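Spelled out from the first residue to the last, the chains are:
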Amino acid sequence: MAEFPRWVVGGPSDVSCASPALLREVASGLYVGSNLSARFVERDVAVASFSSHCEDCHHPLRLRALFEDFKPVPRSIIESVVSFARAHHDHRAILLQCYAGLNRSASMAYAVLRMVYGMPHAAAITAVAHTIERHDRTERFPNDVTLGSVVEWCEDRQKR
């Protein structure tokens, strides 16, 4: 049985910094990646992009939902992404990508894990969280503002 999350391309063990993309599988068939990550997935993967920097990967199943990094995610975008994931989750893998593959895509993966995969809050946070140790600080992703807006949306939906 596979353990998640798992790095597919790049990640903390890639000390060369030469990797062209960050790509990790956060649950079975659910990938979170950077703007170049679509190069490393199969053609029939459903791709949702959250940055104008994501290369046009010509995947036939694609959702573009642009929103600003480090800001709350508009509720209409969360709803669109969850609907997109529901439509594809049973029969194909899903890639959620943004510029770095750490914040917007990971925040949206949290919503998909909660609302589509039925994962509880703590497990979803563990699946999407990533920490980068810098020489002068520790950076935690996704950030509190972006992820917080998604957590709030999920909690509101769970109450209905």
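Further up the page is the structure itself.
Since we're looking at a predicted model, the values are computed, not measured.

Q: How do you make sense of the nonpolar core when you look at a structure like this?
A: Most often, soluble globular proteins have nonpolar side chains that are buried together. Leu30, Phe50, Leu96 and Met108 are the most contacted members of the largest nonpolar core, which totals 37 residues. If you list the elements that add at least two residues to this core, you get strand 2 (23-27), strand 3 (30-33), strand 4 (46-49), helix 1 (75-88), strand 6 (94-97), helix 2 (104-115), helix 3 (121-128) and helix 4 (144-159). In terms of residue count, the dominant contributor to this core is helix 2 (8 residues). The contact partners of phenylalanine 50, leaving out residues within four places of it in the chain, are Ala65, Leu66, Phe67, Val81, Leu96, Gln97, Cys98, Arg104, Ser105 and Met108. Grouped together as the second largest cluster of nonpolar side chains are 9 residues, Ala21, Tyr31, Val47 and Leu95 included.

Q: Even after reading the chapter, I still don't get the pairing of strand 6, so can you show me in this structure?
A: Every regular strand shows the same layout, with side chains that alternate between the two sheet faces. Burial along strand 6 is two-sided: the residues Ile94 and Leu96 and Leu95 and Gln97 are all buried. Where strand 3 lies against strand 6, 4 bridges are found, and the strand directions are parallel. Each bridged residue has a counterpart across the sheet, and for leucine 30 the counterpart in strand 6 is isoleucine 94. Inspection of the sheet shows strand 4 paired to strand 6 by 4 bridges, in the parallel sense. Pairing of serine 49 across the sheet is with glutamine 97, part of strand 6.

Q: So what exactly am I meant to see when it comes to helix 3 here?
A: It helps to recall that an α-helix has 3.6 residues per turn; residues three or four apart then point in one direction. Within the span of helix 3, buried status applies to Ala124, Ala127 and Val128. All buried residues of helix 3 fall inside an arc of 85 degrees around its axis, so they share one side. Facing away from the buried side of helix 3 by over 90 degrees, the exposed positions are Ala122 and Thr126. If you follow the buried residues of helix 3, they end up packed against strand 2, helix 2, strand 7 (130-133) and strand 8 (138-141).

Q: Help me out: how do you make sense of the packing of helix 2 against helix 4 in this one?
A: A pair of packed helices is characterised by two quantities: the angle between their axes and the separation of those axes. At a minimum axis distance of 9 Å, the contact between helix 2 and helix 4 shows a crossing angle of 20 degrees. Taken together, the axes of helix 2 and helix 4 are roughly parallel relative to one another. As helix 2 runs across helix 4, the sense of the crossing is right-handed. Residues Ser107, Met108, Tyr110, Ala111, Arg114 and Met115 of helix 2 pack against Thr146, Leu147, Val150, Val151, Trp153, Cys154, Glu155, Arg157 and Gln158 of helix 4.

Q: Help me understand the environment of cysteine 154 in this model?
A: Along the polypeptide, cysteine 154 turns up in helix 4. Overall, cysteine 154 belongs to the buried group, its relative accessible area being 0%. Setting aside its immediate chain neighbours within four residues, cysteine 154 contacts Tyr110, Ala111, Arg114 and Met115.

Q: Looking at this structure, how should I read the environment of leucine 22?
A: Along the polypeptide, leucine 22 turns up in the loop between strand 1 (6-9) and strand 2. Under the relative-accessibility criterion, leucine 22 is labelled partly exposed at 26%. Each C-alpha atom, one on leucine 22 and one on valine 8, is 7.8 Å from the other, the two residues being 14 residues apart in sequence. Ignoring anything within four residues of it in the chain, the contact list for leucine 22 reads Trp7, Val9, Gly10, Gly11, Val32, Gly33, Ser34, Ser37, Ala100 and Leu102.

Rules of the game
- Residue positions are given per chain, counting from 1 as you read along its sequence in written order.
- Given that the model is predicted, a residue must reach a pLDDT of at least 70 before its local features are reported, and side-chain atom pairs must reach 80 or more before they are shown or counted; all residues, however, enter totals for whole chains, interfaces and linings.
- Side-chain figures throughout are based on the complete set of non-hydrogen atoms in the structure, without hydrogens or water.
- To define a nonpolar core, start from buried Ala, Val, Leu, Ile, Met, Phe, Trp, Tyr and Cys residues and group those joined through side-chain atoms within 4.5 Å.
- Buried residues are those whose accessible area, probed at 1.4 Å on protein chains only, stays under 20% of the maximum for their type, while exposed residues exceed 50% and partly exposed ones sit between those limits.
- Elements are defined by DSSP. Helices are runs of H or I of four residues or more, strands are runs of E of two residues or more, and each kind is numbered from the N terminus.
- Here a residue-residue contact requires only that any non-hydrogen atoms of the pair lie within 4.5 Å.
- For two strands to count as paired, DSSP must find a minimum of two bridges between them.
- By definition, the arc is the one covered by directions from the helix axis to the C-beta atoms.
- The angle between two axes is taken between their N-to-C directions and runs from 0 to 180 degrees, where each axis is a line fitted to C-alpha atoms and a helix contributes only its stretch in contact.
- Any angle from 65 to 115 degrees is called roughly perpendicular, while one under 35 is roughly parallel, one over 145 is roughly antiparallel, and all others are oblique.
- The sense of a crossing depends on the near helix, which, turned anticlockwise from the far helix by less than a right angle, makes the crossing left-handed and, turned clockwise, makes it right-handed.

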